Structure formats: C-alpha cells, structure tokens
Amino acid sequence: MSTAASLPPSKIPLITSVAAFREWRNEVFKAGRSVGLVPTMGALHEGHLSLVRRSLAENDLTVLSIFVNPAQFAPHEDLATYPRTLPRDIELLTAESVNVPGLDQPRVASAIFLPGVKDMYPSGINQDVNAQKGTFVEVKGYSHQMEGKSRPTFFRGVATVVTKLFNVVQPTNAYFGQKDIQQAFLLRRLCLDLLLGHPDPLHLHIVPTTREQDGLALSSRNAYLSPTERRYAPVLYEALRMAEAAWKTGEKKIECVRLAVGHIQKCTERAKTDPEQVVEMRLDYVEMNDVESFDELGDEMSLSVSRPVGSASAEVVGDGSDKQVILSGAIWVGKTRLIDNIVL
C-alpha cells in the first residue's frame, strides 16, 4: 500500500486501502448514488479514457482502479517492467469531464482506488500458480481457448482480481474494452455464475476498441515498441480485416484464417530486412470462435451456417439476431505481444 507521503498530488481523492474504500462506499450507499467502475492496471491511454467518459455519462459517481495484478502474469512475463505512470494517469483522469443534462456542473471522476498487493492478496501471491496459497477464482470451460491457449494462467488471475474489485467497489456498472474481448465475456459469465448483483451481468459493459489512425488497437504495451516496430504493429488488424472481408463474401473459416495468416507471414519476412532496424515478428494465433462458448469454429463453417448468438453478447455484437463469431489474433512484434479482435 502506498503511503500518503509517496503519492503524487491529486485533485481526485486517492484511496489506497480496502478498509478506506469500504468507508467511502458505505457513505455512497446511504446516499443512494450509482457508481461506475473502470478497472485498469494504469498506464492510461485514450482507450481507458473512453471507458471513463462512458461511466461519467451513466453514473452519479465514477471510480477508476489502478492495480498491476501479479496473479495474471506468468513467471516469464513482464510484471517488473509493466509501465507504471501514476502521476500522468492522475493528470489524464483529472482532465476528463462529461456534461450531463440537468446538472449544473460537469461530472468528473470521484475517486481513484490504489490498493496494494498485501491488501488485495492477504494470503500472499506468487506468480507461479503451483506455489500460490489462498483463494482463487476460475471460470471453467472458458479460459483455455484463444488467449488462454497462449497464457494458460492468465484468466485465473484476471477472474480472481476482478472478483476482489467487485467485492470492494460493489459497482452499479463496470466497463471493459472490447480489445480484451475474451476477458470481458468471461467476466460477464463470472457475474452470472456467482450471482453477483454489483454488477449483475447486464451491467458489465463492453465498450468498442479505441484505435490509432492506422488501426492499431490502443494498449499500454504499445509503449514497448520502437519506432520501426511501431510501423509493423498494425499488421494484425490488417490481417483480421482481410479475414473479415472474406467471411462477408461467404468464404469458409479455413480460407479466412489462411488469408490472415498469409498476410502476417509476408509482413514478417519483410520486417526481417527492414533497412532501419531488423524487426523480429512472430505469429501466435489467428482463430475464429463462437461468441458464447469460445469454442473454435470448424474449418468448413461459413457465414451462411454459423449459428446465432444469445443475449449475453448483445451489447457488443448487436441485438442477438445476427449470426456472429469472434475473429481474434495475437502476434509478437519484437518483444511486444499484441492482441486484437473483430466481432463478425
């Protein structure tokens, strides 16, 4: 937990302990005011701020949490080097406001929740799952596909920390970005299965991905890219768009994925001979999955035979009447792993 002396100045209240936040939340409950939560690991960018603006527009009060969660990093991943930019995060959040009809003053963020590792993991935490002690949350059957194939312990860490945040903040609404679409749907499933009321599944909102002009999905990890690597970063989105176009013309899944993979492979070869800097690129995966179960589509599946989805995904993908799937992928550009998706 950070001490008051170590915290940067802030016009927005900084709450650094679970006990202190619960005191704040109890007063809000008494006043009958709604609370929106935007969970983050900091290093804020426009994608996070779009979630904040949505929350400001829809809730009396908005809380942004910043916690770099050790449980979702495998031992070989970038926990130690993950960007931590609290002074800038506070500055960016302070500048955000939304005018709401009927209110004299624009709404601004009400609090920043900055818990420490000991507060969030009273039994301690180890990045090695086999060495962990205490209570953890798993969403069985929804954590091994897509991102879960490459990061097998990731969603266990995400489900655990978000459950803790929901228990502490008890938000009326919570906001997540579509860039991490499997995470968002998995957490909606978590709310459903654990019978959560704060938020309930319908009040966990999935907000469209924010992109740079060249299509690159905003991510805190983009800061790791060198200028030359940054030029190759949009390749994944380009590949997914090619697959999307093929899908819309009725091509089978196997052909859509083949087009996307082929584009990434061509760019990978070109990057190896870049005159400014040799860029090592590597495909992790491109896949098409059922939006409800996350199961992989069969190779012969096409737009004409994919089954309709239910209401759980309606906010992101329409009213549930269309036939839709998740097209997603991940690549390495240098030492930076990038993910993206399109809902077809």
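Residues numbered from 1 in each chain as written. Predicted model: local features only at pLDDT ≥ 70, side-chain atom pairs only at ≥ 80, totals over all residues. Heavy atoms only, no water.

Going by the annotation in an unreviewed UniProt entry, the name recorded for the protein is Pantoate--beta-alanine ligase, with Amanita thiersii Skay4041 given as the source organism. Here is the UniProt Catalytic activity (unreviewed entry) comment for the protein, exactly as written: "(R)-pantoate + beta-alanine + ATP = (R)-pantothenate + AMP + diphosphate + H(+)". For the protein, the Sequence similarities (unreviewed entry) comment in UniProt is given as "Belongs to the pantothenate synthetase family." (UniProt positions renumbered as here; feature names shortened; annotations may be inferred.)

On to the nonpolar core, then. Core analysis: the biggest nonpolar cluster contains 48 residues, and Phe21, Trp24, Val63, Phe113, Phe166, Phe176 and Leu187 have the highest contact counts within it. Counting residues per element, this core draws most heavily on helix H6 (residues 154-169), which supplies 10 residues. Counting residues domain by domain, this core receives three or more from each of domain 1 (14-207) and domain 2 (220-300 + 322-343). Those residues in contact with Phe176, other than ones at most four positions away along the chain, are Pro39, Leu51, Val162, Phe166, Gln183, Ala184, Leu187, Leu204, His205, Ile206 and Val207. (Core = buried A, V, L, I, M, F, W, Y, C linked by side-chain atoms within 4.5 Å. Buried < 20%, exposed > 50% of the residue type's maximum accessible area, 1.4 Å probe, protein only. Helix = DSSP H or I, 4+ residues; strand = E, 2+ residues; numbered from the N terminus. Domains from an automatic or database assignment. Contact = heavy atoms within 4.5 Å.)

Omega for the peptide link from His198 to Pro199 comes to 0 degrees, which places this bond in the cis form. Locating Pro199 in the fold gives a position in the loop between helix H7 (181-193) and strand S6 (204-207). A positive phi angle, near 50 degrees, is found at Gln170, a position not held by glycine. With respect to the helices, strands and loops of the structure, Gln170 is situated in the loop between H6 and strand S5 (173-177). Phi is positive for Phe294, which is not a glycine, with a value near 70 degrees.

Let us now look at the sheet that holds S5. Taken in spatial order, the six strands make up an open sheet running S1-S4-S3-S2-S5-S6, and their pairing is parallel. The sheet is open, and its two borders are formed by strand S1 (14-15) and S6, each paired with just one other strand. As defined by bridge partners, strand S3 (residues 61-66) adjoins strand S4 (residues 111-113) across three bridges and the pair is classed as parallel. Counterpart to Val63 in the pairing with S4 is Ala111. Contacts between helix H3 (residues 86-94) and the sheet are confined to S1, S3 and S4, with S3 contributing the most and set at about 165 degrees to the helix. (Pairing = 2+ DSSP bridges. Axes fitted to C-alpha atoms, helices over the stretch in contact; angles between N-to-C directions.)

Okay, the sheet that holds strand S9 (residues 336-343) next. Spatial ordering of the open sheet is given by S7-S8-S9, a layout of three strands whose pairing is antiparallel. What marks the edges here is a single partner per strand, and that holds for strand S7 (281-290) and S9. Across the sheet, the axes of successive neighbouring strands diverge by a mean angle of 15 degrees, strand direction being ignored. Direction of pairing for strand S8 (residues 325-333) relative to S9: antiparallel, over a ladder of eight bridges. If you follow Val333 over to S9, its bridge partner there is Thr336. Packing of helix H9 (residues 235-248) onto the sheet brings it into contact with S7, S8 and S9, and relative to S9 it is tilted by some 25 degrees. With respect to the sheet, helix H10 (residues 253-271) is in contact with S7 and S8, its orientation differing from that of S7 by roughly 165 degrees.

What follows deals with the pattern of salt bridges. Under the definition given, this model contains 24 salt bridges. Lys149 serves as the salt-bridge partner of Glu296, at 2.7 Å between the closest nitrogen and oxygen. With a gap of 147 residues between them, Glu296 in the loop between S7 and helix H11 (314-317) and Lys149 in helix H5 (residues 147-150) connect regions that are remote in the sequence. You can call Lys149 exposed: its relative accessible area is 58%. Residue Arg230 pairs with Asp214 through a salt bridge whose shortest N-O separation is 2.9 Å. With a gap of 16 residues between them, Arg230 in helix H8 (residues 227-232) and Asp214 in the loop between S6 and H8 connect regions that are remote in the sequence. A single network of salt bridges, built from pairs that share partners, joins Glu46, Arg53 and Glu96. (Salt bridge = Lys/Arg side-chain N within 4 Å of Asp/Glu carboxyl O.)

With that settled, consider the pairing of S9. The side chains of a regular strand alternate between the sheet's two faces. Of all eight residues in S9, eight are buried; the element is thus mostly enclosed. Because side chains alternate across S9, one face comprises the buried residues Thr336, Leu338, Asp340 and Ile342, and the other comprises Arg337, Ile339, Asn341 and Val343, equally buried. Counted along the chain from S8 to the antiparallel partner S9, the turn is two residues long, and its residue Gly334 has a positive phi close to 65 degrees.

With that out of the way, let us pick up the confidence of the model for the protein. Per-residue confidence for the protein averages 93 on the pLDDT scale, and 93% of its residues sit at or above 70. Contacts for the low-pLDDT stretch residues 307-315, under 50 throughout, to residues beyond four places or in other chains number 27 contacts. In this model, residues 317-321 is a region of pLDDT below 50 whose contacts with residues beyond four sequence positions or in other chains number six contacts. (pLDDT = per-residue confidence, 0-100.)

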